[in-house]
Amino acid sequence: MKIIICGAGQVGRGIAERLAHEQNDVTVIDSSPQLVQAISDALDVQGVVGHGSHPDVLESAGARDADMLIAVTFADEVNMMACQIAHSLFEIPTKIARVRAQSYLNPEWRHLFSRENMPIDVVISPEIAVGEMVLRRLALPGAFEAIHFVDDAVIALGIRLREDCPVVDTPLAQLTELFPDLQTVVVGVVRDGQLFVPHGSDQMLVGDDVYVIADRAQAERVLGIFGHEEKPARRVLIAGGGNIGLYVATKLEERQSRTQVKIIEGNRQRAVRIAEELRRTVVLHGSTLEQEMLREAGAPEAEAFVALTNDDKVNILAAVMAKQEGARQTFSLVTGTDFNSILDPLNIDAYISPRSVTVSSILRHVRRGRIRGVHPVHNGQGEVLEAEALETSPVVGRPLREASLPDGVRIGALVRGGRVIIPTGQTEIKPHDRIVMFALAGVVREVEHLFRVSLEYF
């Protein structure tokens, strides 16, 4: 597939890295020669210096025979214009644009992005996507990862195992014997920085990060069995009243009427404005890096502290300080990758990556066929995918033990007629089943070939 990416920032680079790794023909456009040079040197992609909304630049990037354009520059208007020109002049079939300004996404203007007006096939709002991820983390505080699939019927959870975990040192095969009605499968384990798919005889150890796929209705029970019985926070303190912080507070007011929310915002004018928009949330003007402000805002009593400013350093340090003050759970927004090597020892409970969220949103539209969802895990070492099986699939109509799935792949759940099925070796996949599976990055190509016919995957 020939794909043009407008924008060589962190999101654009992350998308280019994934797509180039999957042998797509990728060209990246950016107005910064330095960013274009850096991405061309590091990845197997073509680089073009220029504005992605200029027709001559798009033409030089190969727009006449491109299959897809992904516009993720920092400017919404550039992204939208690039999609318009890609449609009007070059007839590129699929156009994806990142749109950050919430005014464009107001339901009142829902026809703006129609084919007759501004033909953008997929509009991605990082603020909304990240805000929803924060809300899911707050709802399931025992998980460092919570991804929903099949219309929220299935959930993939990332869980860190502590010393008080009841199933530590238990062979995975015994989990079914101990909990015969538990609707979950352990599909991945991270140990000493390496991600692998465990087998039935493998044990989980203290300090492991495990990925499980489960029936959403049993998510809380699964977390409890794995040693996490934390309750959803009723006292939430948010650092940063930007678009994401405002979105989270607004949704908490709508969905959790008993939750007490406070926001610390450093810009006085912004603090006044969001205080007028919110009904029950207390908005404080001040710095989240001042201990006195954290105490005044109630950090010692906070059940969840969420750092959502636009500065990674502020978010990380504020989360550390809030934890020291007594906050039960701390979450930090981390936009870049510069701090990855130092994050684990900081005792922050979970990190939220806008880059990862945006890349996940885009990947599901890049993959050909009936792919409903894609979410990379552990810095791209693996993926959780949702797909729909068709009648011609080589795995349809036979027991899974005979399906010849490659090593490094594990099917975690099926949804059939609205019912979640946790598969065993005897389970047969039927046409139109929605399949949620886990695959290591190194065997994704094998999975593609295996499901190429059945899922129109590729």
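Residues numbered from 1 in each chain as written. Predicted model: local features only at pLDDT ≥ 70, side-chain atom pairs only at ≥ 80, totals over all residues. Heavy atoms only, no water.

- Looking at an unreviewed UniProt entry, the chain carries the name Trk system potassium uptake protein TrkA, with the source organism given as Kaustia mangrovi.

### A look at the UniProt feature "domain: RCK N-terminal" (unreviewed entry) in the chain
So, step 1. If you check UniProt for "domain: RCK N-terminal" (unreviewed entry), the listed places come out as residues 1–124 and 233–361 in our numbering.
So, step 2. Along residues 1–124, the helical share is 33% and the strand share 22%, with 21 Å between the first and last C-alpha atoms. (UniProt positions renumbered as here; feature names shortened; annotations may be inferred. Helix = DSSP H or I, 4+ residues; strand = E, 2+ residues; numbered from the N terminus.)

### What about the packing of aromatic side chains?
So, step 1. The tally for this structure, following the rule as stated, stands at one aromatic pair.
So, step 2. Measuring from ring centre to ring centre gives 5.8 Å for Phe-144 and Tyr-211, while their planes differ by 80 degrees; the resulting arrangement is edge-to-face. Here Tyr-211 lies in strand β11 (residues 209–215) and Phe-144 lies in the loop between α5 (126–139) and β7 (145–149), a separation of 67 residues in the sequence. Exposure class is identical for Phe-144 and Tyr-211. Each is buried. (Phe/Tyr/Trp six-rings, centres within 6.5 Å; stacked < 30°, edge-to-face > 60°. Buried < 20%, exposed > 50% of the residue type's maximum accessible area, 1.4 Å probe, protein only.)

### Some words on the sheet that holds strand β16 (residues 330–333)
So, step 1. Taken in spatial order, the six strands of this open sheet run β14-β13-β12-β15-β16-β17, and their pairing is parallel. Only two strands of the sheet have a single partner each, and these edge strands are β14 (282–285) and β17 (350–352). Each strand axis lies, on average, 20 degrees off the axis of its neighbour in the sheet, ignoring direction.
So, step 2. Packed onto the sheet, helix α9 (residues 268–277) meets β13 (260–265) and β14 and runs at close to 170 degrees relative to β14.
So, step 3. The sheet strands contacting helix α11 (residues 312–325) are β15 (304–307) and β16, and the helix crosses β16 at an angle near 175 degrees. (Pairing = 2+ DSSP bridges. Axes fitted to C-alpha atoms, helices over the stretch in contact; angles between N-to-C directions. Contact = heavy atoms within 4.5 Å.)

### Structural notes on the domain arrangement of the chain
So, step 1. Per the domain assignment, the segments of the chain are domain 1 (2–124), domain 2 (235–358) and domain 3 (368–451).
So, step 2. Computed over C-alpha atoms only, the centres of domain 2 and domain 3 are separated by 37 Å. (Domains from an automatic or database assignment.)

### So, helix α1 (residues 10–21)
Think of an α-helix as 3.6 residues a turn; residues three or four steps apart then line up on the same face.
So, step 1. Helix length check: α1 (12 residues) gives 16 Å between terminal C-alpha atoms against 16 Å at 1.5 Å per residue, within 8%.
So, step 2. The complete set of buried residues in α1 reads Val-11, Gly-12, Gly-14, Ile-15, Ala-16, Arg-18, Leu-19 and Ala-20.
So, step 3. Following α1 by one or two positions, Gln-23 adopts a phi angle in the positive range, close to 65 degrees. (Expected span 1.5 Å × (residues − 1).)

### Structural notes on the UniProt feature "domain: RCK C-terminal" (unreviewed entry) in the chain
So, step 1. If you check UniProt for "domain: RCK C-terminal" (unreviewed entry), the listed places come out as residues 144–228 and 372–453 in our numbering.
So, step 2. In the segment residues 144–228, helix accounts for 15% and strand for 35%; the C-alpha atoms at its two ends are 11 Å apart.

### Focus on the nonpolar core
So, step 1. Counting 92 residues, the largest nonpolar core has Ile-5 and Ile-70 as the members making the most contacts within it.
So, step 2. Dropping the residues within four chain positions of it, Ile-5 is found in contact with Gly-12, Ile-15, Ala-16, Leu-19, Val-26, Thr-27, Val-28, Ile-29, Ile-70 and Val-72.
So, step 3. Formed by 24 residues, the second largest nonpolar core is a distinct cluster that contains Ile-155, Leu-157, Val-167 and Leu-175. (Core = buried A, V, L, I, M, F, W, Y, C linked by side-chain atoms within 4.5 Å.)

### Observations concerning the environment of Ala-20
So, step 1. Mapped onto the elements of the fold, Ala-20 is located in helix α1.
So, step 2. The class for Ala-20 is buried, based on a relative accessible area of 13%.
So, step 3. Spatially, the C-alpha atoms of Ala-20 and Asp-44 are 6.2 Å apart, while their sequence positions differ by 24 residues.
So, step 4. Residue contacts for Ala-20: discarding those within four places in its chain leaves Val-26, Asp-44 and Val-45.

### Comments concerning the confidence of the model for the chain
So, step 1. With 95% of its residues at a pLDDT of at least 70, the chain reaches an overall mean of 88.
So, step 2. Confidence drops under a pLDDT of 50 for residues 453–458, and excluding neighbours within four residues, the segment shows 32 contacts in the predicted structure. (pLDDT = per-residue confidence, 0-100.)

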